[in-house]
Amino acid sequence: MKLYTEKENTIIEGVEDFELSQTLECGQCFRFYKQGENDYVVVAFKKLLHLKQEHRRLIFFDCDMSTVEQVWIPYFDLERDYGEIKHFLLQRDKRLEPAIKEKQGVRILNQEFHETLISFIISQNKQIPHIKQLIKHISEEYGEFLGEINGEKYYSFPDAEILGNITEEKFREMKTGFRAPYLADAGEKLSRKQLLPEMFRKLDEENARKKLMEIKGVGEKVANCVMLFTLNYREAFPIDVWMKRIMETLYFDGRNTPKEEIAKLAKEMYGSFGGYAQQYLFCYGRDNKVGK
């Protein structure tokens with residue numbers, strides 16, 4: 001990749017295996033706002049970004065090179081060799097080829113721990129537009145003003161300490177429904193530092209999942225999403241309704257199969273690259289209605 005500045009913007013040229021729209025729209029994050037074709041506003045790590053992709057060229061508008069290097073390159077996982085990942089997965093299973101070919105630009109984001117945890121608790125039984133709306137509401141109510149782009153104001157996601165001040169009643173007022181007590185419990189644990197990302201550094205996958213599932217309302221799927229999208233457990237394999245149908249169609253002749261059996265197969269098939277396989281399959285299966 002070639003990195004340079006042009007007027008007030010920072011440019012990266014020669015980006016491989018990355019498509020901005022595929023990466024943002026595949027269900028792993030919720031603070032993105034489409035402005036045009038491969039043109040988005042992104043909010044993460046208390047930063048506001050306007051980013052556009054033109055083929056293998058990324059334009060970071062009004063963003064200095066230091067911030068791109070320190071925040072956005074790690075966030076978009078741009079220094080990892082996804083060609084090697086794809087090669088490994090295709091060597092293990094050729095059935096992944098249509099998904100990898102169509103969704104070749106998907107990368108797994110490295111997101112902030114407390115925001116990812118709260119976001120995926122909210123995500124249970126909700127569509128992405130509503131999830132985004134709720135997270136936006138929480139940010140406007142309790143976050144910090146970051147700036148304005150194209151006439152729209154943007155706010156940071158509240159700090160972990162502030163989340164502890166949002167009561168179950170306040171979460172209910174924001175129309176989070178049955179998730180309100182779960183969000184309040186998570187917020188309290190985060191604010192009291194009973195949950196910190198560094199606590200997971202020495203835990204294996206199984207114990208990390210158990211630790212997350214101590215939070216009220218966090219099941220295996222939410223735990224796996226948090227592990228994959230923020231804690232760097234790239235072997236984690238989230239299984240929701242869509243993923244269950246996709247795997248049943250591809251590997252179990254369409255028959256109803258327990259999630260435990262699907263997870264076991266994924267572990268055997270994809271190993272430490274399970275999370276990458278999950279993202280390719282999920283995005284491809286959802287868009288092509290595999291198993292519907």
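Here we summarise the structure given alongside this text. (Residues numbered from 1 in each chain as written. Predicted model: local features only at pLDDT ≥ 70, side-chain atom pairs only at ≥ 80, totals over all residues. Heavy atoms only, no water.)

1. Observations concerning the pattern of salt bridges
What the rule picks out here adds up to 26 salt bridges. For R95, the salt bridge is made with D93, and the minimal N-O distance between the two is 3.1 Å. We classify R95 as partly exposed; its relative accessible area is 42%. One salt-bridge network, in which partners are shared between bridges, spans E6, E13, E54 and R57. (Salt bridge = Lys/Arg side-chain N within 4 Å of Asp/Glu carboxyl O. Buried < 20%, exposed > 50% of the residue type's maximum accessible area, 1.4 Å probe, protein only.)

2. So, the sheet that holds strand β2 (residues 9-13)
Judged by pairing direction, the sheet is antiparallel, and its 6 strands sit side by side in the order β1-β2-β6-β5-β4-β3 without closing on themselves. Pairing within the sheet leaves two strands with one partner each, and these edge strands are β1 (2-6) and β3 (32-36). Neighbour-to-neighbour, the strand axes of this sheet turn through a mean angle of 25°, independent of strand direction. Where strand β4 (residues 39-44) and strand β5 (residues 47-54) come together, 6 bridges link them in antiparallel fashion. Bridge pairing in β5 links V43 to L48. (Pairing = 2+ DSSP bridges. Helix = DSSP H or I, 4+ residues; strand = E, 2+ residues; numbered from the N terminus. Axes fitted to C-alpha atoms, helices over the stretch in contact; angles between N-to-C directions.)

3. A look at the packing of aromatic side chains
Across all of its chains, the model carries 16 aromatic pairs by this definition. When the ring of F18 is compared with that of F76, the centres are 5.7 Å apart and the planes differ by 65°; the resulting orientation is edge-to-face. Of the two residues, F18 is situated in the loop between β2 and α1 (20-25) and F76 in the loop between α2 (65-75) and α3 (82-92); the sequence distance between them amounts to 58 residues. Through a chain of ring-to-ring contacts, three or more aromatic side chains come together here, namely F18, F45, W72, Y75 and F76. Its end group placed over the ring of W242, R245 keeps NZ or CZ at 5.7 Å from the ring centre. (Phe/Tyr/Trp six-rings, centres within 6.5 Å; stacked < 30°, edge-to-face > 60°. Lys NZ or Arg CZ within 6 Å of the ring centre and 35° of its normal.)

4. Describing the environment of Q35
For Q35, the location among the structural elements is in strand β3. If we ignore the near neighbours within four places in the chain, the residues touching Q35 are Y40, V41, H50, N150 and Y154. Side-chain polar atoms of Q35 contact the backbone oxygen of Y33, separated by 3.0 Å. (Contact = heavy atoms within 4.5 Å. Polar contact = N/O pair within 3.5 Å; in protein donor to acceptor, adjacent residues only side chain to side chain.)

5. Focus on the side chain of R107
By secondary structure assignment, the location of R107 is in the loop between α4 (97-102) and α5 (113-122). We note that R107 is buried and unpaired, the nearest opposite charge coming from D17 at a distance of 4.6 Å. At 3.0 Å, the side chain of R107 and the backbone oxygen of D17 are in polar contact. Among the polar contacts listed, one links the side chain of R107 to the backbone oxygen of D77, at a separation of 2.6 Å. Excluding residues that lie within four positions of it along the chain, R107 makes contacts with E16, D17, F18, T23, Q28, F76, D77, L78, E79, R80 and Y82. (Lys, Arg positive; Asp, Glu negative; His and termini not counted.)

6. Notes on the pairing of β2
Within β2, 4 of the 5 residues are buried, which leaves the element mostly enclosed by the surrounding structure. Bridge count for β1 against β2 is 5 bridges, and the pairing is antiparallel. If you follow T5 over to β2, its bridge partner there is T10. The turn joining β1 and β2, which pair antiparallel and follow one another in sequence, is formed by 2 residues; a positive phi near 60° is taken by K7. As paired elements, β2 and strand β6 (residues 57-61) share 4 bridges and run antiparallel to each other. The residue bridging I12 from the neighbouring strand is L58, located in β6.

7. Quick notes on the pairing of β5
Hairpin connection, β4 to β5: the antiparallel pair is bridged by 2 residues, and F45 has positive phi, about 50°. Where β5 meets β6, 5 bridges bridge the pair, whose relative direction is antiparallel. What sits directly across from K52, in β6, is I59.

8. Some details on the packing of helix α12 (residues 241-251) against helix α14 (residues 274-287)
The N-to-C vectors of α12 and α14 enclose an angle of 95°; their axes lie 9 Å apart at closest approach. One way to sum up the angle between α12 and α14 is to call them roughly perpendicular. The residues of α14 that touch α12, namely those facing W242, M243, I246, M247 and L250, are Q278, L281, F282, G285 and R286. The class makeup of the residues in the contact of α12 with α14 is 7 nonpolar, 2 polar and 1 charged. (Parallel < 35°, antiparallel > 145°, perpendicular 65-115°, else oblique. Nonpolar A, V, L, I, M, F, W, Y, C, P; charged D, E, K, R; others polar.)

9. Quick notes on the packing of α5 against helix α9 (residues 180-191)
Two elements in contact, α5 and α9, have axes whose closest approach is 10 Å; the angle formed by their N-to-C orientations is 170°. Classified by the angle their axes make, α5 and α9 are roughly antiparallel. Contacts from F113, H114, L117, I118, I121 and I122 in α5 reach Y182, L183, A186, G187 and L190 in α9. Grouping the amino acids of the contact of α5 with α9 by side-chain chemistry returns 9 nonpolar, 2 polar and no charged.

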